[in-house]
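Spelled out, the chains give:
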Amino acid sequence: MKQVLLDLQSGSIQVENVPVPAVTRGVVVENAYSLISAGTESSLINLAQQSLVGKAKARPDDVKKVIQKIGTDGPLPAYRQAMSRLAKPEPLGYSSAGTVVTTASDEFEVGDRVACAGAGYAVHAEYVSVPKNLCVRIPDGVEFREAAFTTVGAIAMHGVRNANVTVGENVAVIGLGLIGLLTVQILKAAGCRVIGIDIDPEKLALAADLGADVVSSYDGLFERVRAFSPFGADAVVITAATRSSAPIEAAGRLVRSQGRVVVVGNVGMDVPRDVFYEKEAEVVVSRSYGPGRYDRNYEERGIDYPIYVRWTEKRNMEAFLELVRQKKIDLDRLITHTFPLDEAPGAYDLINSGKERFIGVLLQYSPNGSGASGTVVRFPQPGARRRKAPAAARTLGCIGAGVHAQSALYPHLSALPVNLGGLATATGLSAQTVAKKYGFSYCTTDYRRILDDPDIDAVMIATRNDLHAPMAIEALRAGKDVFVEKPLATDIESLRRIVEARNESGQRLMVGFNRRHSPLAVRMKGFFANRPTPAVLHYRVNAGQIPPEHWVHDDEQGGGMLISECCHFIDFMQYITGARPVQVVARAIEPTGTLRKYDNFQATLTFDDGSLGTVTYTTLGDRSYPKETVEVFAGNAVGRITDFRDLELRREGRASREKRWLTQEKGFAEELLAFVKGEEPDFAGSVATTLATFAAWESIDTGAAREIDIGRVGL
């Protein structure tokens, strides 16, 4: 299928061929029309067209993160990750309409006409995958091109709801672009008297035609408002887009005492305190298109709010379409341009150049012939990073292409003695972009194409945590050797099924516990190889807080930091000691505020050779301080690794030290090479590590020590 993409490095617009996206918790829709949001999309394009310095100035928070990563990981990984993000094209669009072709929701059937919303979902593409709470049926009598306005209509609808207007109130709308003109019509449908305000005479005339009772430029504005409503506007809705604070200043003068000002557009917010204080006026910044926005449970997982949260984003979408059905909103007057999908670059040129006046700009789609089954795109020529592998080399297929895969795993593929077969991701854009970058033969949004490919004999799984176990099981049963990122599983039943599948298939399974493959770790293990005593180990992790909304905190998808991250450190202790964990006692800080229960803890493990290891994991520290420090004490000797850049070994008063200035040595390249060369992994150790994280979780919950027995899962 074809999709409109923005090159974040150059700012150019391209129409690329990518696989049809996979259906997840919602539907796959064949688009008929999508609406270009001139303001939002132009801002992103303008940012992309800036130099690296300009991008840095516009995104200071991102620059701060890069600087922090340089401090812990070194300049090379920080640079690679930053450039990797810029190298990935950005999908454009967030409002479309079309027909359901695949459904994973009982709310929709194939053939339903639907309107779709959401950045990253309702994009400019022939097919889109949309969660069910961002998708609504189109009423009879409403055309696809009208329904393509639903998202911006819901934004206008939510702005009006935040104004809390009642029948007969006088409302001013500042800014008569697309959302402003929709706001005028919604207010009229709600029984309000409306004055529309803009600097453009043509927009003023159109607002009057669409129902505004009075229109005005800023010249003579306050006299017209006094004539319109002697005590001032009951509410002012700002839908303008400007860095200037002039709209909020004007709103303060226009609104009545104890009136309401709602900011919908992206405007300057230098609020004149004296004016608003004197009137005790309320100021509300409207957040997109209703409750549910930015809530992963609502948008991604489809968990709806109770009806007493009356106007969610989905219900606002439905309400807007109902007004369109009743002919209370005229969209024909707002559609100024319609472009075929292939001419999308011309549509953006029109918007950015200002050659013609425009309001609503649509992209129109026609069937492309491949249908919703077009989930595979093959590359006729090898990618730029392809090179000829040895004749006996195995063929690798990969599933997943998140930040970790692209920054830590895939950059090493070109140096491995493998042929790169297929790459699968849930979104077509990610599949196409990453597959071309690293030189895969094809990309797909159906991971089973990788498992069914007879030429692929090894599979790498780098998806979100909840998919590791089921995909690994499928791959083993398909006769593939498996490299799966940690954690191996997020619950004991899944772990039991993995052990069963591995035992039955006879295939190799390696877990991405990379730290044991680090050259610094290998040297530390050798240093303690002949220790005369058990070891005492302390692994301290200064992780920093991960935003509460991040998927890793999701009980279903991530399992929390204890399950997701602590496994690394337990595996490292197994590697250094050469012993298995047999018992764990763990304690955690009780959750308060944004602190989660399993994100600040200490877990002390007993190993079967008598060694003791403690993991201290905290999100309470300063990110500028080293993230990982591991210390080992045994046989009158000490070893320490800091952030896998600094190794110090001491014995009998003599010390040796190794330091890496440019990058970390975390063992990613070494673990991948071991996998493709066919080295036998420590599968039992990986199972023991995974069980240890489950046992630590139970220990925190119960306050008691927990035994670790791999026999529980069939080993």
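Residues numbered from 1 in each chain as written. Predicted model: local features only at pLDDT ≥ 70, side-chain atom pairs only at ≥ 80, totals over all residues. Heavy atoms only, no water.

Under the annotation held in an unreviewed UniProt entry, the protein carries the name D-arabitol-phosphate dehydrogenase and is attributed to Methanoculleus chikugoensis. The record in UniProt for the protein states the following under Sequence similarities (unreviewed entry): "Belongs to the zinc-containing alcohol dehydrogenase family." Note on the protein: under the UniProt heading Cofactor (unreviewed entry), the record states "Zn(2+)". (UniProt positions renumbered as here; feature names shortened; annotations may be inferred.)

1. Here's the deal with the sheet that holds strand β2 (residues 13-17)
The strand order across the open sheet built from three strands is β2-β1-β4, with neighbouring strands paired in antiparallel fashion. Each edge of the open sheet is held by one strand with a lone partner, namely β2 and β4 (90-91). Taken together, the two bridges between strand β1 (residues 2-6) and β4 define a ladder with antiparallel strand orientation. Across the sheet, L5 pairs through a bridge with P91, a residue of β4. Sheet contacts for helix α14 (residues 344-353): β1 and β2; angle to β2, the most-contacted strand, approximately 160 degrees. (Pairing = 2+ DSSP bridges. Helix = DSSP H or I, 4+ residues; strand = E, 2+ residues; numbered from the N terminus. Contact = heavy atoms within 4.5 Å. Axes fitted to C-alpha atoms, helices over the stretch in contact; angles between N-to-C directions.)

2. A look at the pairing of strand β16 (residues 360-364)
With respect to burial, β16 is a largely interior element, four of its five residues being buried. In the sheet, strand β3 (residues 26-36) pairs with β16 via four bridges, with the strands oriented antiparallel. Across the sheet, the residue bridging to L35 is L362, located in β16. Inspection of the sheet shows strand β15 (residues 335-340) paired to β16 by five bridges, in the parallel sense. Counterpart to H337 in the pairing with β16 is V361. Taken together, β15, α14 and β16 form a β-α-β motif whose crossover is right-handed. (Buried < 20%, exposed > 50% of the residue type's maximum accessible area, 1.4 Å probe, protein only. Right-handed = clockwise from strand over helix to strand, strands pointing away.)

3. Structural notes on the pattern of salt bridges
Tallied over the full model, the rule gives 40 salt bridges. In this structure, E169 engages R260 in a salt bridge whose closest nitrogen and oxygen atoms are separated by 3.0 Å. Taken together, the residues span a long stretch of sequence, with E169 in the loop between α6 (150-163) and β9 (170-174) and R260 in strand β13 (residues 255-263) at a distance of 91 residues. On the basis of relative accessibility, which here comes to 12%, the residue E169 falls in the buried class. One continuous salt-bridge network, built from bridges that share partners, spans R394, D457, D481 and R508. (Salt bridge = Lys/Arg side-chain N within 4 Å of Asp/Glu carboxyl O.)

4. Brief notes about the nonpolar core
In terms of nonpolar packing, the biggest core is built from 75 residues, with I399, L488, L509, Y539, F572, L605 and V615 touching the most fellow members. Those residues in contact with F572 that lie beyond four places of it in its chain are R515, R516, A521, M524, Y539, V630, I641 and F644. Formed by 72 residues, the second largest nonpolar core is a distinct cluster that contains V114, A154, L182 and I329. (Core = buried A, V, L, I, M, F, W, Y, C linked by side-chain atoms within 4.5 Å.)

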